[in-house]
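Chain and residue survey
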Amino acid sequence: MNWEEDIKKTKIEFEEKLKKIKTKEELDNVALEFLKRKGKIAQLKNYFNLLKDEEKKIFGIKFNELKNYIEKEIERLNESFKETLDSKKFYNLILSWPGKKQYIGSVHILNRAKKEIIKIFNEIGFSAIDSPEIVNEYENFDSLRIPKYHPARDLWSTLWTTKKNILLRTHTSAFQVPYLLKNLPPIRAIFIGKVYRYEATDRRHEIQFNQIEGLYIDKENKVTISQLKWVFEYFFSRFFERKANVRLRPSYFPFVEPGFEVDLKCICKRGCNICSNTGFIEIAGAGRVHPYVLKQAKLDPRFYNGFAFGCGLERILMIKYNIPDIRYFLSGDLRFIKSI
Ligand code: FA5
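Below you will find a few notes about this structure. (Residues numbered from 1 in each chain as written. Predicted model: local features only at pLDDT ≥ 70, side-chain atom pairs only at ≥ 80, totals over all residues. Heavy atoms only, no water.)

Here seven strands make up an open sheet; going across it, the order is β1-β5-β6-β10-β9-β8-β7 and the pairing mixed. If you trace the sheet from one side to the other, it starts and ends with β1 (127-128) and β7 (246-251), each paired once. Looking at chain direction, strand β6 (residues 208-219) and strand β10 (residues 304-312) are connected through nine bridges and run antiparallel. Across the sheet, the residue bridging to G214 is F309, located in β10. Together, β1, β5 (187-196), β6 and β10 form the strand contacts of helix α6 (residues 109-123), whose direction differs from that of β5 by roughly 165°. (Pairing = 2+ DSSP bridges. Helix = DSSP H or I, 4+ residues; strand = E, 2+ residues; numbered from the N terminus. Contact = heavy atoms within 4.5 Å. Axes fitted to C-alpha atoms, helices over the stretch in contact; angles between N-to-C directions.)

Turning to the nonpolar core, a few remarks are in order. If you look at the biggest cluster of nonpolar residues, it comprises 45 residues, and the most contacted ones within it are F121, F236 and I316. Non-local contacts of F121, meaning those with residues more than four positions away in its chain, are made with F126, I190, I212, V231, F235 and F309. Membership of the second largest hydrophobic core comes to 26 residues, among which are V177, A189, F191 and V289. (Core = buried A, V, L, I, M, F, W, Y, C linked by side-chain atoms within 4.5 Å. Buried < 20%, exposed > 50% of the residue type's maximum accessible area, 1.4 Å probe, protein only.)

This next bit is on the pairing of β7. As judged from the six bridges shared by β7 and strand β8 (residues 256-265), these two strands associate in the antiparallel manner. Its bridge partner lying in β8, S251 is registered against G259. Where β7 hands over to β8, the hairpin turn is made up of four residues, counted between the paired strands.

To continue, consider the pairing of strand β9 (residues 280-289). The buried fraction of β9 amounts to eight of the ten residues, a majority that puts the element mostly inside the structure. As judged from the eight bridges shared by β8 and β9, these two strands associate in the antiparallel manner. Each residue of the ladder has a partner; that of F260, found in β9, is A286. Summarising the sheet, β9 and β10 pair through five bridges and their orientation is antiparallel. Bridged to A284 within β10 is C311.

With that settled, consider the sheet that holds strand β4 (residues 166-168). A sheet is described by the order of its strands in space; here three strands give the open sequence β2-β4-β3, paired in antiparallel fashion. At either end of the open sheet lies a strand with only one pairing partner, and these are β2 (134-136) and β3 (159-160). Pairing between β2 and β4: three bridges, direction antiparallel. Opposite V135, over in β4, you have L167 as the bridge partner.

Quick look at the pattern of salt bridges now. A complete count under the given rule lists 20 salt bridges for this structure. The shortest N-O distance in the salt bridge between K17 and E33 comes to 2.5 Å. Here K17 is found in helix α1 (residues 3-20), whereas its partner E33 is found in helix α2 (residues 24-35), with 16 residues between them in sequence. R327 is the partner of D325 in a salt bridge, and the nearest nitrogen-oxygen pair spans 2.8 Å. Accessibility expressed as a relative area gives 16% for D325, which makes it buried. Shared partners join several salt bridges into a network, and the residues in it are E13, K17, E33 and K40. (Salt bridge = Lys/Arg side-chain N within 4 Å of Asp/Glu carboxyl O.)

Compared with the 21 Å implied by 1.5 Å per residue over 15 residues, the 21 Å span of α6 between its first and last C-alpha is a close match. Those residues of α6 not exposed but buried are I109, L110, A113, K114, I117, I120 and F121. Around the axis of α6, the buried residues are gathered within 135° of arc, so they sit on the same side. Away from the buried face of α6 by more than 90 degrees, exposed residues K115 and K119 are located. Elements in contact with the buried residues of α6: β5, β6, α9 (225-240), β10, α11 (313-321) and α12 (334-339). Once α6 ends, the next one or two residues include G125, with phi positive near 85°. (Expected span 1.5 Å × (residues − 1). Arc of directions from axis to C-beta.)

In the neighbourhood of the ligand, 25 residues make up the surrounding shell, with H171, S173, R197, E199 and Q211 lying closest. The separation between a nitrogen atom of the ligand and a polar side-chain atom of E199 is 2.6 Å. Here an oxygen atom of the ligand sits 3.4 Å away from a polar atom, N or O, in the main chain of I283. With the chains in place, 94% of the 670 Å² that the ligand exposes on its own is no longer accessible. Those elements that place two or more of their residues in the shell around the ligand are β6, β9 and β10. (Near = heavy atom within 4 Å. Polar contact = N/O pair within 3.5 Å; in protein donor to acceptor, adjacent residues only side chain to side chain. Areas by Shrake-Rupley, 256 points an atom, 1.4 Å probe, with all protein chains shown as cover.)

This is the structure we're talking about:
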């Protein structure tokens, strides 16, 4: 009955076995062998019943030392097995899983379309110019022959800022005079950007939408309405990727004379929802720049002449992609954004 010898032997035996362990399963077996209820450590405990009181104390210390040592070693090995298992899992993940496609976002359809439109107009010599969205009353109205109290102001329901005479532009035409004041003809420019109207929204009307403004001014009566029609036909043929048929219908805008509504022939044969069964889709406003506007830009209407047009960006995208409701554009609905 030599407990000291038994404690030593148990420790050596444990260490020998520990050295040979290669798998987690082997470790579990060794742990069981030493630590289970009737395992090697539990057997050593029997000395408590056999030893005298003074020896019990020393034995208790040595016994606890061994037990703690074995438990710690097993725990340490257990941890290292866990780590290798985890790293194996990690490699499995990379090597064997099919890659999960991440949606990293995309350029919004409105921005894509703007780029595309600029490219088309560049081809026929129009430059894209940045224009401000916050303008003054003169730029948006007065410079364009829409004085205060003129009923035509009602055509553009306005969002005013808290600053006197400052508003969110209701149309891109607000940049015609400021641009002409800084640039001498010949001018071929487009301004694309947001405009704002204080009006009820529906399938075809938004409170914030985009317009493409075109401005062509040259001297000596070089610019003609047939050129205006050609520009529309060229632009729409390229944009819709089919031959576009355009109709100019007399209309009224205070800043052009004569003024037109530009209609695009619908692809339907006998009428459809998009063209409200008329065969044509109203797509833009246009006309010959009014002499009053040229004068505001310090240009002599006897020598200068030109045309301007304003087209709704969302409206032409609705036709191109068959979008039933203009409100989808700003909805932030990913199903819509991902679909086009
Ligand atoms: C104008 O804004 C004129 N500035 C256009 C113009 C420019 C005429 C130069 C002559 C010379 P209008 O309000 O019709 O016109 O708007 C032009 C286009 O913007 C419309 O043809 C339509 O395509 C689009 N649009 C108008 N209101 C809305 C709205 N609430 N929501 C979406 N698109 C709209």
